[in-house]
Structures are given as structure tokens and as C-alpha cells.
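Structure assessment
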Amino acid sequence: MLNLKVEEILNAQINKEFYSAYLYLAMSGYFDGIGLKGFSNWTKVQAQEEMDHGMILFNYILERDGNIDLKPIEAPVKDFHSPLQVFEMILEHEKSVTSSIESVANLSEDECDRATRHFIDWYISEQVEEEAQVLDVLKMIKMFGNECTILYHIDKELAERKYKAHDYEE
Ligand code: FEO
């Protein structure tokens, strides 16, 4: 049986993951609209991964005989102006997700819920990977993004990203 405080924070995390999916989808739409299909692909793949993150939490709560409590998902922001501005926004967003994952880890420790503490380690590693991926793109844009031909090549590279379903592995 899942501790009630832990159950609450895990449900809140589901909401954050699905909000993230919405945010990336909004970004994907923006990039498609300005003709950057590769950027659009990258953010769309990320939206799919965020839905996986939400579903893994959903399945975990059920596995622990907890209650699912889904709240409304906020509309994503939509003031997108350039690849640089969007990727700066992504980095800030992922940092805030990392901090909320750390709150889950801290609470599960405080509540002596070792199973959740162990489970959430996967998300901690995932956040390290995500922030690193975003930083890679951000650095490329900062170095070369003002030159149209280079932006075209970055777009080509981001078009290569493929969705692969995320599986939580013990
Ligand atoms: Fe699910 Fe981008 O964190």
C-alpha cells in the first residue's frame, strides 16, 4: 500500500509529465509552422517520451495499490519566438522537472518508502540525460544558429531523432 503523501506527489508528477508533453507538442507545432521540420520532429519525439514518463508513474501507483488522482492539465505557454528562445525555455523547464523529481525522492526518503525511492532513481538518471541533450542543442544554436545555412543543418540533424518507447527497468 502506498503512503498517502507519496501517492499525492506521484499523482502530481503525472500531471507535470503530461504538461511537459503538451508543452513540447506546442513547441513542435510552432517549429512546424516556421518550416523547421527537424526541430518540430525533435520536440514531438520529446512529447512522446513525456507521455511515457507519465504512464510509468501511472502504472507504478497501480502496482503499489495506490489511487490515481488525475488533475486538469494546464494549457502550455505559447510565446515562442526563435529556436534559441525555445531551447532556453526547454532547459529551464527541464531544470524545474528535475527539481520536482528530487522532491519525490526526498519525500519518499522522509516517509521511509524505499520502493518509491528506488523507483524514482530511474527518473533522476533520465533528467540528467534530458538536460544534457537539451544543452547540446542549445550550444549548437548559440554557436551557429544565427547563420541560416547552419540552422538548416541543425534542423536536418534534429530530424534524425526517433521515438523509442521508454521502459522502466528495475
Ligand atoms: Fe519527463 Fe522532460 O521530463
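Note: the structure precedes this text.
Attention here is on the structure that accompanies the text. The numbering scheme is per chain: residues are counted from 1 as the chain's sequence reads. Thresholds applied to this predicted model are a pLDDT of at least 70 for local features of residues and 80 or more for the giving and counting of side-chain atom pairs; totals over whole chains, interfaces and linings are not thresholded and use all residues. Where side-chain values are given, they derive from all heavy atoms of the structure, hydrogens and water being excluded.

**With respect to the packing of aromatic side chains**
Pairing of aromatic side chains here covers Phe, Tyr and the six-membered ring of Trp, requires ring centres within 6.5 Å, and sorts the geometry by plane angle: under 30 degrees stacked, over 60 edge-to-face, intermediate tilted. Taken as a whole and judged by the stated rule, the model has 9 aromatic pairs. Centroid distance Tyr30 to Phe80: 5.6 Å. Interplanar angle 50 degrees. Geometry classified as tilted. One end of the pair, Tyr30, is in helix α1 (residues 4–33); the other, Phe80, is in the loop between α2 (37–63) and α3 (83–110), and 50 residues separate them in sequence. Judged by its relative accessible area of 17%, Tyr30 is buried. Seen in terms of ring centroids, Tyr60 and Phe119 are 3.9 Å apart; in terms of plane orientation they differ by 10 degrees. Their pairing is stacked. Linking Tyr60 in helix α2 with Phe119 in helix α4 (residues 114–144), this pair joins segments that are 59 residues apart in sequence. When accessible area is computed with a 1.4 Å probe and restricted to protein chains, residues below 20% of their type maximum are described as buried, those above 50% as exposed, and intermediate ones as partly exposed. Residue Phe119 is classed as buried on the basis of its relative accessible area of 2%. Whether a charge sits over a ring comes down to the Lys NZ or Arg CZ being within 6 Å of the ring centre and within 35 degrees of the ring normal. Directly above the aromatic system of Trp42 lies the positively charged group of Arg161, at a separation of 4.4 Å from the ring centroid. Going along the chain from the N terminus, every DSSP run of H or I of four or more residues is numbered as a helix, and every run of E of two or more is numbered as a strand.

**Quick look at the side chain of Gln127**
Mapping Gln127 onto the fold places it in helix α4. Whenever two N or O atoms come within 3.5 Å, that pair is a polar contact, provided that in protein one can donate a hydrogen and the other can accept it, and provided that, for residues adjacent in sequence, both atoms are side-chain atoms. Polar contacts involving the side chain of Gln127 include one to the side chain of Glu94, which spans 3.0 Å. A polar atom in the side chain of Gln127 sits 3.0 Å from the side chain of Thr98. The contact criterion used is simple: two residues touch if any of their non-hydrogen atoms lie within 4.5 Å. Ignoring anything within four residues of it in the chain, the contact list for Gln127 reads Glu94, Val97, Thr98 and Ile101.

**With respect to a nonpolar patch on the surface**
Any residue with relative accessible area above 30% and no salt bridge may belong to a patch, with like charges joined within 9 Å and the nonpolar Val, Leu, Ile, Met, Phe, Trp and Tyr side chains within 5 Å. What sets the accessible areas is the Shrake-Rupley method with a 1.4 Å probe; for residues, cover comes only from the shown protein chains. Salt bridges are defined by distance alone: a side-chain nitrogen of Lys or Arg within 4 Å of a carboxyl oxygen of Asp or Glu. A grouping of Tyr22, Leu25 and Ile73 is seen on the molecular surface, where their side chains present a nonpolar patch of about 270 Å² in accessible area. Within the secondary structure, Leu25 is located in helix α1. Leu25 gets classed as partly exposed once you look at its relative accessible area, which sits at 42%.

**Let's talk about α1**
Along an α-helix, a turn takes 3.6 residues, which lines up residues three or four apart on a common side. Here a helix's expected span is defined as the number of its residues, less one, multiplied by 1.5 Å. With 30 residues, α1 should cover 44 Å at 1.5 Å per step; its first-to-last C-alpha distance of 44 Å lies within 8% of that length. The N-cap of α1, judged by a side-chain oxygen 2.8 Å from the amide nitrogen of Lys5 a few residues on, is Asn3. Taken from the residues just after α1, Gly35 is the one with a positive phi, measuring 85 degrees.

**Observations concerning the environment of Glu126**
Looking at where Glu126 falls in the secondary structure, it is placed in helix α4. Judged by its relative accessible area of 7%, Glu126 falls in the buried class. Separated by 25 residues in the primary sequence, Glu126 and Leu151 have C-alpha atoms spaced 27 Å apart. Setting aside residues up to four positions removed in sequence, Glu126 forms contacts with Glu49, His53 and His166.

**Overview of the packing of α2 against helix α5 (residues 148–158)**
Lines are fitted to the C-alpha atoms to define the axes, a helix being fitted only along its stretch in contact, and any angle between axes, read from their N-to-C directions, falls within 0 to 180 degrees. The interhelical angle for the contact between α2 and α5, taken along N-to-C directions, is 35 degrees, at an axis separation of 7 Å. Both α2 and α5 take part in a crossing whose hand is left-handed. Facing Lys37, Gly38, Phe39, Asn41 and Trp42 of α2, the residues of α5 in contact are Leu151, Ile154, Asp155 and Leu158. By the convention adopted, Pro, Cys, Tyr, Trp, Phe, Met, Ile, Leu, Val and Ala count as nonpolar, Lys, Arg, Asp and Glu as charged, and the other residues, Gly among them, as polar. Of the residues in the contact of α2 with α5, the class split is 5 nonpolar, 2 polar and 2 charged. Crossings are assigned a handedness: left-handed for a near helix turned anticlockwise from the far helix by less than a right angle, right-handed for a clockwise turn.

**Digging into the nonpolar core**
In a soluble, globular protein the nonpolar side chains are often hidden away together inside. Nine residue types can take part in a nonpolar core, namely buried Ala, Val, Leu, Ile, Met, Phe, Trp, Tyr and Cys, and a core is a set of them joined through side-chain atoms within 4.5 Å. Core analysis: the biggest nonpolar cluster contains 22 residues, and Met27, Phe31, Phe39, Trp42, Val86, Phe87 and Ile90 have the highest contact counts within it. Ranked by the residues each element gives to this core, the list is headed by α1, at 6 residues. Leaving out residues up to four positions away in the same chain, Trp42 has contacts with Tyr24, Phe87, Ile90, Gln133, Val134, Val137, Leu158 and Arg161. Membership of the second largest hydrophobic core comes to 18 residues, among which are Phe18, Tyr60, Phe119 and Trp122.

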